[in-house]
Protein chains: 2
Amino acid sequence: MTDYKKLWESLDMDLEKHEQLCNLLPDFFAEVYLSQENRPEGMNYFNLVVSSIHGLRPEELKRHRDSGGKVVGTFCVYVPDELIFAAGAIGIGLCGGSQFWVADGERVLPKNTCPLIKSFMGAKITKTCPYFQSCDLLVGETTCDGKKKAWEIMKNYADIHVMHLPQMKRDIDLRAWSHELEILKERLEELTGNEITPSKLKDAIKLINEKRKALRRLYELRKANPVPISGKDALLVTQIAFYDDPERFTSKVNSLCDELEERVKLGKGVFPSGTKRIIITGTPMAIPNWKLHHIVETSGAAVVCEETCTGTRYFENLVDEELDTLEAQIMAMSERYMKTNCACFTPNQGRIDDIIRLVREYKADGVIYYNLQFCQPYAVEYELVRQALQREGIPVLFIETDYSENDSGQIKTRVQAFLEMLG
Amino acid sequence: MTDYKKLWESLDMDLEKHEQLCNLLPDFFAEVYLSQENRPEGMNYFNLVVSSIHGLRPEELKRHRDSGGKVVGTFCVYVPDELIFAAGAIGIGLCGGSQFWVADGERVLPKNTCPLIKSFMGAKITKTCPYFQSCDLLVGETTCDGKKKAWEIMKNYADIHVMHLPQMKRDIDLRAWSHELEILKERLEELTGNEITPSKLKDAIKLINEKRKALRRLYELRKANPVPISGKDALLVTQIAFYDDPERFTSKVNSLCDELEERVKLGKGVFPSGTKRIIITGTPMAIPNWKLHHIVETSGAAVVCEETCTGTRYFENLVDEELDTLEAQIMAMSERYMKTNCACFTPNQGRIDDIIRLVREYKADGVIYYNLQFCQPYAVEYELVRQALQREGIPVLFIETDYSENDSGQIKTRVQAFLEMLG
């Protein structure tokens with residue numbers, strides 16, 4: 001990793017603390033990922049990206065910035081990458097998934113805040129994340145109380161633009177969101193000095209749609225039985241989607257899918273036939289948060305789908321590519337993004353319908369409802385999801401946890417009992 | 001209390017469980033309130049209202065409903081009573097302040113939800129609150145994640161209209177809020193069958209403004225040194241403001257203020273001269289949540305002001321009374337309500353400015369930041385408030401707690417240490 005020392009210095013990073021962080025990942029990744037049997041060859045690219053997570057891509061960001069480009073950090077699947085790329089900037093998803101940063105986040109945030117928020121805050125204030133350090137602008141949003149209020153503290157450390165996400169999905173809210181997209185467009189034009197033209201936006205819409213289509217293809221292949229790729233590997237791919245170069249990423253996912261298609265034709269899977277199929281629904285899993293997937297897949301089951309922001313919510317629904325005016329394009333984007341069913345909306349029946357539909361499509365045996373500790377929207381929404389799944393006769397297990405490993409044994413016991421109950 | 005048994009039966013209440021609740025209040029009220037020395041005579045009315053809290057006013061609500069009137073329950077100082085009263089309905093604040101209901105709230109809500117939300121949910125689902133049982137419609141809002149999502153569950157038990165409160169205070173948000181007021185107006189007209197005319201709304205604006213002016217007068221008198229009324233008593237008055245008949249309430253508060261004015265003239269106070277003066281800021285204290293005030297005022301200090309929803313946020317700022325069209329009246333209401341500085345807004349510098357201003361105006365020696373456990377907006381906002389108060393040299397103590405008495409001893413110790421530090 002020392003090859004990148006100059007890069008990290010140029011990003012004003014805390015090198016000493018950063019080294020502690022870098023020392024943790026390789027063993028952890030080897031234990032969780034490289035121990036898997038029967039992995040697709042196509043995962044090699046993603047292994048490489050992770051093994052050099054603080055080097056390869058940050059180096060690309062630096063080259064982009066050295067030639068006058070801008071980098072924009074985001075935290076939510078409602079923030080439109082299309083506008084960022086149309087402005088000639090690079091968008092990077094920044095949510096923190098590491099326990100390493102939590103204690104530092106707690107220096108400025110209450111302990112009873114969700115670990116994702118504490119983690120990204122710790123990453124920023126300790127200057128140990130090259131992605132944060134590469135950003136010329138952060139874009140926050142008013143999705144949940146924790147994030148909404150965290151931006152006010154983040155402002156002490158970085159330039160941040162906050163988008164006002166409506167909490168309902170009426171026509172008036174759709175228009176309000178398109179207005180927020182327009183405000184962001186202006187802010188990005190100001191930041192980059194580049195005008196967002198209909199033609200550039202059209203290209204960016206296609207670029208991001210292609211990424212979504214590749215992920216959709218990957219998820220379609222997970223419907224096969226036996227499943228041709230582990231849930232852990234699929235999760236890793238989706239996590240990397242948030243920060244990798246979109247064009248390269250799309251091509252690598254499609255290559256992986258070519259290989260998986262062959263596997264499906266041959267009836268070849270990563271787990272034995274008859275392995276229990278689990279859908280995970282709930283809060284996002286930012287890299288390197290592989291905790292629950294690892295527990296499930298070392299307990300004899302397969303995760304076949306994630307109804308999360310690092311799952312279907314990220315790539316479902318495309319933006320209409322055939323529009324030629326900014327007004328129409330922005331409204332189409334507003335429509336696409338407002339189809340996403342996050343628990344921050346009220347009501348949110350669409351998510352319940354999604355979960356039930358996915359259980360059928362993926363022929364899942366059960367659902368694990370994953371909740372990052374202190375995430376209130378998803379925690380409260382569990383009650384209505386539970387009631388609906390019960391009516392449908394779909395077994396569900398609620399797991400609330402943080403990024404520490406303290407409760408892993410206990411969760412494993414509960415997951416195993418749940419899997420046994422599935423029969 | 002048995003006089004009201006018929007009333008409670010008519011409200012489909014759980015009489016047995018309700019009796020348990022009724023048995024708790026008298027001793028508790030006597031211990032916290034009647035033990036105080038030197039109370040103003042004018043508090044007798046408010047003592048009476050509390051001692052018959054589930055009888056007197058619910059009986060009035062019943063009479064109103066028996067003659068065809070409607071009752072509307074609310075949970076937030078952003079929901080405009082003016083519109084409710086202009087429609088000929090009675091508005092009642094329903095937030096729960098009792099530990100009695102928390103366990104039942106936890107049957108449908110996560111344990112790590114704020115006690116206020118768990119309490120009102122428990123009150124509704126156990127049918128032990130005559131106010132809830134008297135409501136023809138509930139009006140919720142999207143202030144915080146916990147409440148926003150709780151309405152979806154509440155819908156299983158009651159008819160509820162949810163208002164979409166913006167989370168910022170730009171011009172566009174002001175217009176969005178006025179639009180929400182228009183939607184509520186239509187809903188109330190539909191509910192009551194009464195048209196809200198400019199003239200009726202004008203009367204209602206005056207009615208509610210008069211209540212605000214009376215409370216403002218009460219708070220002005222608390223600026224005197226020695227303070228002529230305890231914080232506990234002032235809090236009780238504000239708590240009762242949420243559900244009492246506005247006209248009678250206003251007149252009783254004004255009588256109390258006449259008496260307090262005399263006290264101030266005579267230099268007569270409820271605590272000795274030199275008593276430390278504390279401002280409490282943070283989350284609301286719904287009746288019968290008197291926990292922190294009781295601790296502070298039995299530790300040798302006086303609470304002289306509350307920058308809370310059961311304090312200044314409830315009555316600061318008036319609605320313009322001189323407007324004659326609905327459009328202008330509703331915009332004036334939107335402007336008035338959007339001046340209120342709740343932590344659900346981002347940014348919320350106005351609240352920091354308010355706290356510092358109030359410390360000066362009330363000549364406070366220190367601030368206690370009160371946070372209901374798991375209230376994220378106020379918990380996260382503490383960091384910026386703390387920083388600002390530190391810059392101003394104003395001592396502040398952060399207390400996070402719930403409705404139980406388990407931590408009372410510990411809080412008392414911390415409050416006493418804080419008061420000693422004030423010198």
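The structure we're discussing is the one just above.
Going along each chain's sequence as written, the residues are numbered from 1 onward. Lettering for chains starts from A, numbering for ligands starts from 1, and both go in the order in which the items are written. The predicted origin of the model limits local features to residues at a pLDDT of at least 70 and limits the giving and counting of side-chain atom pairs to 80 or more, whereas totals for whole chains, interfaces and linings rest on all residues. For side-chain calculations, the full set of non-hydrogen atoms in the structure is used, while hydrogens and water are omitted.

A. Looking closely at the overall build of chain A. Numbering of helices and strands runs from the N terminus, with a helix taken as a DSSP run of H or I at least four residues long and a strand as a DSSP run of E at least two residues long. Looking only at helices and strands, chain A features 19 helices and 8 strands. The principal-axis extent of the C-alpha atoms belonging to chain A is close to 60 × 50 × 45 Å. A total of 423 residues make up chain A; the buried ones form 65% of that total. By the convention used here, residues are in contact when the closest approach between their heavy atoms is within 4.5 Å. Restricting the contact set of chain A to residue pairs at least 6 apart, pairs at least 24 apart contribute 76%. Per-residue accessibility, obtained with a 1.4 Å probe over protein chains only, is compared with the maximum for each type, and a residue is labelled buried under 20%, exposed over 50%, and partly exposed between these values.

B. Molecular detail of the packing of aromatic side chains. Residue and element names in this part refer to chain A. Only centres within 6.5 Å qualify two rings of Phe, Tyr or Trp (six-membered ring in Trp) as a pair; their planes then separate them into stacked at under 30 degrees, edge-to-face at over 60, and tilted for everything else. Taken as a whole and assessed by the stated rule, the structure comprises 37 aromatic pairs over all chains. Here the aromatic cluster, defined as three or more aromatic residues joined through ring pairs, consists of Phe 28, Phe 29, Tyr 33 and Trp 290. Two thresholds decide whether a charge sits over a ring: the Lys NZ or Arg CZ must be within 6 Å of the ring centre and within 35 degrees of the ring normal. Over the ring of Tyr 362 we find Lys 223; its NZ or CZ atom is 5.2 Å from the centre of that ring.

C. A look at the relation of the copies chain B and chain A. Aligned on chain A, chain B shows an RMSD of 0.0 Å; the corresponding rotation is 180° and the shift along the axis is 0.0 Å. The symmetry that links the two subunits is that of a two-fold axis. By C-alpha distance to the rotation axis, the residue of chain B lying nearest is Asp 145 of chain B, at 3.1 Å. Of all interface residues in chain B, 100% are interface residues in chain A too; the two copies therefore contact each other through one and the same surface. A least-squares fit on C-alpha atoms brings the copies together, and the residues used are those whose pLDDT is at least 70 in both copies.

D. Examining the sheet that holds strand β2 (residues 90-93) of chain A more closely. All names here are of chain A. DSSP-based pairing: two strands are paired if at least 2 bridges between them are found. The strand order across the open sheet formed by 4 strands is β2-β1-β3-β4, and the pairing between neighbours is parallel. Edge positions in the open sheet fall to β2 and β4 (160-163), since each of these has one partner strand only. Looking at each pair of strands side by side, their axes are set apart by 25° on average, direction ignored. Examined bridge by bridge, strand β3 (residues 137-141) and β4 share 4 bridges and lie parallel to one another. Along β4, the bridge assignment pairs Gly 140 with Val 162. To get an axis, a line is fitted to the C-alpha atoms, and for a helix only the part in contact is used. The angle between two axes follows their N-to-C directions and goes from 0 to 180 degrees. Helix-sheet contacts for helix α9 (residues 145-154) involve β3 and β4, and the interaxial angle to β3 is about 150°.

E. Quick peek at the environment of Gly 88 of chain A. Residue and element names in this part refer to chain A. Mapped onto the elements of the fold, Gly 88 is located in the loop between α5 (81-86) and β2. The partly exposed category is assigned to Gly 88, whose relative accessible area is 38%. Residues Gly 88 and Glu 189, 101 residues apart in the sequence, show an inter-C-alpha distance of 9.2 Å. Those residues in contact with Gly 88 that lie beyond four places of it in its chain are His 64 and Asn 194.

F. Looking closely at helix α10 (residues 171-192) of chain B. Here α10 of chain B spans 32 Å end to end across 22 residues, near enough to the 32 Å set by a 1.5 Å rise per residue. Residue Gly 193 of chain B follows α10 of chain B closely and has a positive phi angle near 75°. Expected helix span is computed as 1.5 Å times (number of residues minus one).

G. Local environment of the interface of chain B and chain A. Taken together, the 44 residues of chain B in the interface contact 44 residues of chain A. Taken over both partners, the interface formed by chain B and chain A buries close to 3,500 Å², and the fraction arising from carbon and sulfur atoms is 56%. When the buried surface of chain B facing chain A is broken down by residue, Lys 149, Gln 376 and Val 380 of chain B rank first, second and third, together holding 18% of it. In this structure, Lys 149 of chain B engages Glu 381 of chain A in a salt bridge whose closest nitrogen and oxygen atoms are separated by 2.4 Å. Polar contact criterion, stated in full: a pair of N or O atoms within 3.5 Å, where within protein one must be able to donate a hydrogen and the other to accept it, and residues adjacent in sequence count only if both atoms are side-chain atoms. Between chain B and chain A we count 25 residue pairs in polar contact (both at pLDDT 80 or more) in total. Only α9 (145-154), β4 (160-163), α10 and α18 (376-392) of chain B provide two or more residues apiece to the side of chain B that touches chain A. At 8 residues, the largest contribution of residues to the side of chain B that touches chain A is made by α18 of chain B. Tallied by class, residues from the side of chain B that touches chain A come to 21 nonpolar, 12 polar and 11 charged. For any pair of parts, buried area is found by adding up, for both, the accessible area (1.4 Å probe) each one loses once the two are put together. Think of a salt bridge as a Lys or Arg side-chain nitrogen and an Asp or Glu carboxyl oxygen that are within 4 Å of each other. Amino acids outside the nonpolar list (Ala, Val, Leu, Ile, Met, Phe, Trp, Tyr, Cys, Pro) and the charged list (Asp, Glu, Lys, Arg) are all regarded as polar, and Gly is one of them.

H. Layout of the packing of helix α12 (residues 231-241) of chain B against helix α13 (residues 246-266) of chain B. All names here are of chain B. Where α12 meets α13, the closest approach of the two axes is 11 Å, and the angle between their N-to-C directions is 165°. Considered as vectors, α12 and α13 are oriented roughly antiparallel to each other. As α12 packs across α13, the resulting crossing turns out to be left-handed. Between α12 and α13, the residues in contact are Val 237, Ile 240 and Ala 241 and Phe 249, Val 253 and Leu 256, respectively. In terms of residue class, the contact of α12 with α13 is built from 6 nonpolar, no polar and no charged. Oblique is the label for any angle not under 35 degrees, not over 145, and not in the 65 to 115 range, which are roughly parallel, roughly antiparallel and roughly perpendicular in turn. For any helix crossing, the convention is left-handed if the near helix is rotated counterclockwise from the far helix by under a right angle, and right-handed if that rotation is clockwise.

I. Spotlight on unusual backbone geometry. Put simply, Ile 287 of chain A and Pro 288 of chain A share a cis peptide bond, and its omega is 0°. With omega at 0°, the peptide bond leading from Asn 225 of chain B into Pro 226 of chain B counts as cis. Its place among the elements puts Pro 226 of chain B in the loop between α11 (198-221) and α12. Here the phi dihedral of Phe 374 of chain A falls at roughly 75°; this positive angle occurs in a residue that is not glycine. Among the structural elements, Phe 374 of chain A can be located in the loop between β7 (366-372) and α18 (376-392). For Asp 12 of chain B, which is not glycine, the phi torsion reads 60° and is therefore positive. Mapped onto the fold, Asp 12 of chain B is located in the loop between α1 (5-10) and α2 (15-34).

J. Geometry of the packing of helix α7 (residues 115-125) of chain B against α9 of chain B. Residues and elements named next belong to chain B. Two numbers describe how α7 lies on α9: the axes approach to 11 Å, and their chain directions differ by 15°. The pairing of α7 with α9 is recorded here as roughly parallel in orientation. Between α7 and α9 lies a crossing of right-handed hand. Side by side, α7 and α9 meet where Ile 117, Phe 120, Met 121 and Lys 124 of the first sit next to Gly 146, Lys 147, Ala 150, Trp 151, Ile 153 and Met 154 of the second. A class-by-class count of the residues in the contact of α7 with α9 yields 7 nonpolar, 1 polar and 2 charged.

K. Structural view of the sheet that holds β7 of chain A. Residues and elements named next belong to chain A. Read across the sheet, 4 strands follow the order β6-β5-β7-β8 without closing on themselves; strand pairing throughout is parallel. The sheet terminates laterally at β6 (301-307) and β8 (396-401), the two strands that pair on one side only. Here the average twist between neighbouring strands, direction ignored, is 30°. In this sheet, β8 lies alongside β7 in parallel orientation, the contact comprising 6 bridges. Counted as the bridge partner of Leu 372 is Thr 401 from β8.

L. Representation of the pattern of salt bridges. All names here are of chain B. Applying the stated criterion to the full structure yields 78 salt bridges over all chains. Asp 244 serves as the salt-bridge partner of Arg 248, at 2.8 Å between the closest nitrogen and oxygen. Where Glu 383 meets Arg 386, a salt bridge forms, and the shortest distance between an N and an O atom there is 3.0 Å. Linking Glu 383 with Arg 386, this pair stays in helix α18, spanning 3 residues, or about one helical turn.

M. Highlighting a negative patch on the surface. Patch construction takes residues with relative accessible area above 30% that form no salt bridge. Like charges are linked within 9 Å, and nonpolar side chains (Val, Leu, Ile, Met, Phe, Trp, Tyr) are linked within 5 Å. Per-residue and other accessible areas follow the Shrake-Rupley method at a 1.4 Å probe size, with only the shown protein chains counted as cover for residues. Working convention for charge: Lys and Arg count positive, Asp and Glu count negative, and His plus the chain ends are omitted. We put the charge of a Lys on NZ, of an Arg on CZ, of an Asp on CG and of a Glu on CD. Taken together, the side chains of Glu 182, Glu 186, Glu 190 and Glu 327 of chain A present a region of like negative charge at the surface. In this fold, Glu 186 of chain A is placed in helix α10 (residues 171-192).

N. Just the pairing of strand β1 (residues 71-74) of chain A, in detail. All names here are of chain A. Both faces of β1 are covered, namely the face carrying Val 71 and Gly 73 and the face carrying Val 72 and Thr 74. Pairing of β1 with β2 involves 4 bridges; the strand directions are parallel. Residue pairing across strands places Gly 73 opposite Ile 92, the latter belonging to β2. When the strands point away from the viewer and the connection leading from the first strand across the helix to the second strand turns clockwise, the crossover is called right-handed. Note that the unit made of β1, α5 and β2 has a crossover that is right-handed. Across 3 bridges, β1 lies against β3 in parallel orientation. From the neighbouring strand, Gly 73 faces β3, where its bridge partner is Leu 138.

O. Quick look at the side chain of Lys 185 of chain A. All names here are of chain A. Tracing the backbone through its elements, the reader meets Lys 185 in helix α10. With a relative accessible area of 13%, Lys 185 lands in the buried category. If near-sequence neighbours (up to four positions away) are discounted, Lys 185 is found in contact with Leu 83, Ile 196, Leu 326 and Ile 330.

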